[in-house]
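Secondary and tertiary structure notes
Listed below, chain by chain, are the residues.
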Amino acid sequence: MSSQDPTMVVGGAVVDDLHRPTVLLAARRTEPPHLAGGWELPGGKVDPGEEPLQALHRELAEELGVKVEVGEELVAPNGLGWDLPPSHRMRVWLVRVTDGEPAPIEVHDELRHLPLGSWTTGVSWLRADVPIVRALTALAEER
Ligand code: 9L3
Ligand code: MG
């Protein structure tokens, strides 16, 4: 799938430390109605002609008002991206805030900083984000 594909989504696992993460940011969506109230890793669609990492920086600036440093990608088991049914796919990177304090500026109404140990259970994640947060937890726990 190329970066031009309109169904590519990028997400940020905003953590306190890229190498030994102990805190994860969760964001509660306000839209669309069927996803409102669900918690997610912030991010969004890659624009036509945009590189995935450009999109990641743009989305996190728009949604949270922060600049970030990007760490490793949390690669999906299929090597392509995490499934977002029915037709989207999401690539996820560990990121750390370098400028600003995350705020629910645009499409979220609440943010939570979850300590390791409550990443999977601390909020009601969107269905699509559940396996991603599980994989993040496994990664953090082996560090
Ligand atoms: N989505 C799911 N989990 C996420 C993100 C960032 C996005 N962590 C889904 C919700 C939408 C689609 O991907 O159906 C596009 O996301 P957005 O552009 O509405 O944020
Ligand atoms: Mg979004």
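Everything numeric here is computed off the predicted structure, so don't read it as measured data. (Residues numbered from 1 in each chain as written. Chains lettered and ligands numbered in written order. Predicted model: local features only at pLDDT ≥ 70, side-chain atom pairs only at ≥ 80, totals over all residues. Heavy atoms only, no water.)

Notes on the coordination of the magnesium ion (ligand 2)
For a metal bound by four donors in tetrahedral geometry, the ideal donor-metal-donor angle is 109.5 degrees, whereas six donors in octahedral geometry ideally sit at 90 or 180 degrees. Note the cut-off: Only nitrogen, oxygen and sulfur atoms qualify as donors, provided they sit within 2.8 Å of the metal or within 3.2 Å for Na, K and Ca; with water excluded from the atoms, sites may seem incomplete. Per the convention used, a helix needs a DSSP run of H or I reaching at least four residues, while a strand needs a run of E reaching at least two, with both numbered from the N terminus. Summary of the burial criterion: residues with accessible area below 20% of their type's maximum are buried, those above 50% are exposed, and those between are partly exposed, where the area comes from a 1.4 Å probe applied to protein chains only.
Of the protein atoms, only Gly43 (O) and Glu63 (OE) coordinate the magnesium ion (ligand 2), at distances of 2.1 Å. Taken together, the residues glycine 43 in strand β4 (residues 43-45) and glutamate 63 in helix α1 (residues 52-64) connect sequence positions 20 residues apart. Judged by relative accessible area, glycine 43 falls into the buried class, the value being 11%. The exposure class of glutamate 63 is buried, given its relative accessible area of 5%.

As for the site of ligand 1
The line we're drawing: A cutoff of 4 Å decides nearness: a residue is near a molecule or strand if any of its heavy atoms lies inside that distance of it. Polar contact is the term for a pair of N or O atoms within 3.5 Å; when the atoms are in protein, one must be able to donate a hydrogen and the other to accept it, and sequence-neighboring residues count only if both atoms are side-chain atoms. A 1.4 Å probe and the Shrake-Rupley method give the accessible areas. Residues count as covered only by the protein chains that appear here. With a 1 Å grid laid over protein atoms only, a set of points is called a cavity when a 1.4 Å probe fits there but cannot get out and a pocket when it is open yet has protein on both sides within 12 Å along at least five of seven lines; lining residues have an atom within 4 Å of a point. Placement in a cavity or pocket follows one criterion, namely that more than half of the molecule's atoms lie within 2 Å of its grid points. Under the convention adopted here, Pro, Cys and the residues Ala, Val, Leu, Ile, Met, Phe, Trp and Tyr are nonpolar, Asp, Glu, Lys and Arg are charged, and Gly plus all remaining residues are polar.
Neighbouring ligand 1 are 13 residues; Arg29, Glu40, Leu41, Gly43 and Asp129 lie closest to it. In the model, an oxygen atom of ligand 1 is placed 3.1 Å from a nitrogen or oxygen of the glycine 43 main chain. At 3.4 Å, a backbone N or O of lysine 45 approaches an oxygen atom of ligand 1. In the complex, 82% of the free accessible area of ligand 1, which totals 440 Å², lies under the protein chains. At a threshold of 2 Å from the grid points, most atoms of ligand 1 map onto the largest pocket. Elements that contribute at least two residues to the shell around ligand 1 include exactly β4 and β7 (88-99). Taken together, the residues that form the shell around ligand 1 break down as six nonpolar, three polar and four charged.

Keep in mind these numbers describe shape, not what the thing actually does.
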